[in-house]
Amino acid sequence: MALAGVRVIELAGLAPAPFCGMILADFGAKVIRVDRTKFATAVDTQARGKQSVAINLKSTEGVALLRKLCVQSDVVLEPYRKGVMEKLGLGPKELLKENPCLIYARLTGYGQSGPYATAAGHDINYLAISGLLSRLGRSGEKPYAPLNLLADFAGGGLTCALGIVLALLERTRSGKGQVIDTSMVEGAAYVGSFIWKSRRIGLWDHPKGENMLDSGAPFYDTYQTSDGKYMAVGAIEPQFYRQLLKGLELDDKELPEQMSVSDWPELRRIFTKCFASKTQEDWSRIFDGTDACVTPVLSFEQVSSHPHNQERASFIKDSSGEESPRPAPVLSRTPAEPCLASDPVIGEHTVEVLEEYGFTSAEINQMLAAGVVECNAVKAKL
Ligand SMILES: C[C@H](CCC[C@@H](C)[C@H]1CC[C@H]2[C@@H]3[C@H](O)C[C@@H]4C[C@H](O)CC[C@]4(C)[C@H]3C[C@H](O)[C@]12C)C(=O)SCCNC(=O)CCNC(=O)[C@H](O)C(C)(C)COP(=O)(O)OP(=O)(O)OC[C@H]1O[C@@H](n2cnc3c(N)ncnc32)[C@H](O)[C@@H]1OP(=O)(O)O
């Protein structure tokens, strides 16, 4: 796999850093999640392929141990509030001094500087400060955060993973590590570059929810079907729009012009009535195999059995039968091989990992006895 041989120390976080760690693990890195001791359950629901060691970082021995692990690792990924790692004596200054090749990835909401740097926050707050949230939502309604996808995962976990891979690539030339400052505000804004840079062509001139791509246009929206499901319509270009009208059995001579913005409410009313006359399955049969850009809005229950997803095996099942998306993108020679075993319990691999990092049994037993580390058996999963 592409990241085989890369050793990552991931300090346990809430959602974005676990996703970043999972991406690296899916593509072959050895990812060791550092959990707290005396915690029953991990909050990490994206632990695929990771190992877990439980270390009490509030002890000097725990901090010394983590420093030793970082000396023999390629990447450390930390998701804490600005200043937390420095307070523990685990800041980049210390760790890069001991291992100049280390890639020190920091993943926070607001980044490592600026007046908000130390403030608590979540996806919705970062999205708000990025400017993007102001553009999300239907006309006349309040801004709406699309789950916690944009800041936490697109702008956070994914952007941080990109930073790590870039730094690993650069290290092959310079032999040097570096610090990555991932701000979810900036990551989300960067993901939104198209919105910023397409303002000059007038794509966003109207208020929120009244533009072509934000549910303003009737040919770029969702419609309810007679069985209470939905179809997604993305028929922008005239040749695709014509196919939409054909599928709906509408005569364009009897309709307003596609790009006549003032007629969009009327067009939407016509499309709504049409789509409500047949089931999702009926419409799928009509539009599949055409260029109308009309697809069913699949539920989580429907996705894996959809013929397209099925043929590409786009969803996988782990050993407990839990379904999830397979890693993307697909690399032709070195594709990801996601681990199908169930997620680690906190401290499941403490002894195994410490042995691998060269600690003797006596040293490990001493740390276990002193409560510096904890090892939990898999039976804790039951
Ligand atoms: C919208 C999303 C968030 C969604 C998260 C949900 C998926 C989960 C939220 C709650 C979870 C549930 C809950 O935990 C209860 C159950 C628990 C059970 O185990 C599982 C089921 C649960 C129901 C569980 C289920 C789900 O997991 C939840 C529903 C987001 O937006 S996430 C993005 C958040 N923002 C960031 O990550 C930005 C960067 N980070 C921060 O700004 C802060 O970390 C943050 C997130 C604001 C939290 O601040 P906090 O004050 O809590 O922490 P920090 O200031 O960072 O300090 C960390 C302290 O911890 C010490 N520490 C760390 N490691 C160790 C260790 N190994 N040993 C000892 N101590 C350790 C560290 O030294 C710091 O201590 P100090 O405070 O003394 O400096």
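No experiment lies behind these values; they were computed from the predicted model shown.

## What about the site of the ligand?
Right, on to step 1. Surrounding the ligand, one finds 27 residues, the nearest of these being Arg36, Arg81, Lys87, Asp123 and Asp152.
Right, on to step 2. Take Tyr126: an N or O atom from its side chain is 3.0 Å from a nitrogen atom of the ligand.
Right, on to step 3. Between the ligand and the protein, one listed contact pairs an oxygen atom with a side-chain N or O atom of Asp152 at 2.9 Å.
Right, on to step 4. Protein chains shield 64% of the accessible area of the ligand, which is 1500 Å² for the free molecule.
Right, on to step 5. For the shell around the ligand, the secondary structure elements donating two or more residues are helix 3 (84-87), strand 5 (103-108) and helix 5 (123-130).
Right, on to step 6. In terms of residue class, the shell around the ligand is made up of 13 nonpolar, 7 polar and 7 charged.

## Side note on the sheet that holds strand 7 (residues 220-224)
Right, on to step 1. One open sheet accounts for 3 strands, arranged 7-8-9; its pairing is antiparallel. In the strand order of this sheet, the two ends are held by strand 7 and strand 9 (294-296), each with one partner. In this sheet, adjacent strand axes meet at a mean angle of 25° when their direction is disregarded.
Right, on to step 2. Looking at chain direction, strand 8 (residues 230-234) and strand 9 are connected through 3 bridges and run antiparallel. The partner of Met231 across the bridge, within strand 9, is Pro296.
Right, on to step 3. Running over the sheet, helix 11 (residues 280-287) touches strand 8 and strand 9 and is turned about 30° from strand 8.

## A closer look at the domain arrangement of the chain
Right, on to step 1. Domains assigned within the chain are domain 1 (7-192 + 319-374) and domain 2 (220-297).
Right, on to step 2. Computed over C-alpha atoms, the centres of domain 1 and domain 2 are 43 Å apart.

## Re the packing of helix 9 (residues 238-248) against helix 11
Helix-helix packing is characterised by the crossing angle of the two axes and by the distance between the axes.
Right, on to step 1. Orientation of helix 9 relative to helix 11, taken along the N-to-C sense of each, is 130°, at an axis distance of 10 Å. Taken together, the axis directions place helix 9 and helix 11 in an arrangement best described as oblique. Regarding helix 9 and helix 11, the two cross each other, and that crossing is right-handed. Every residue of helix 11 that contacts helix 9 at Gln243, Leu244, Gly247 and Leu248 is listed here: Trp283, Ile286 and Phe287.

## Focus on the pairing of strand 1 (residues 7-11)
Right, on to step 1. Burial runs high along strand 1: 4 of the 5 residues are buried.
Right, on to step 2. On the question of chirality, the crossover connecting strand 1 to the parallel strand 2 (residues 30-35) by way of helix 1 (residues 16-26) is right-handed.
Right, on to step 3. As paired elements, strand 1 and strand 4 (residues 75-78) share 3 bridges and run parallel to each other. In the strand pairing of strand 4, Val8 is matched with Val75.

What counts, and where the lines are drawn
- Residues numbered from 1 in each chain as written.
- Predicted model: local features only at pLDDT ≥ 70, side-chain atom pairs only at ≥ 80, totals over all residues.
- Heavy atoms only, no water.
- Near = heavy atom within 4 Å.
- Polar contact = N/O pair within 3.5 Å; in protein donor to acceptor, adjacent residues only side chain to side chain.
- Areas by Shrake-Rupley, 256 points an atom, 1.4 Å probe, with all protein chains shown as cover.
- Helix = DSSP H or I, 4+ residues; strand = E, 2+ residues; numbered from the N terminus.
- Nonpolar A, V, L, I, M, F, W, Y, C, P; charged D, E, K, R; others polar.
- Pairing = 2+ DSSP bridges.
- Axes fitted to C-alpha atoms, helices over the stretch in contact; angles between N-to-C directions.
- Contact = heavy atoms within 4.5 Å.
- Domains from an automatic or database assignment.
- Parallel < 35°, antiparallel > 145°, perpendicular 65-115°, else oblique.
- Left-handed = near helix turned anticlockwise from the far one by under 90°.
- Buried < 20%, exposed > 50% of the residue type's maximum accessible area, 1.4 Å probe, protein only.
- Right-handed = clockwise from strand over helix to strand, strands pointing away.

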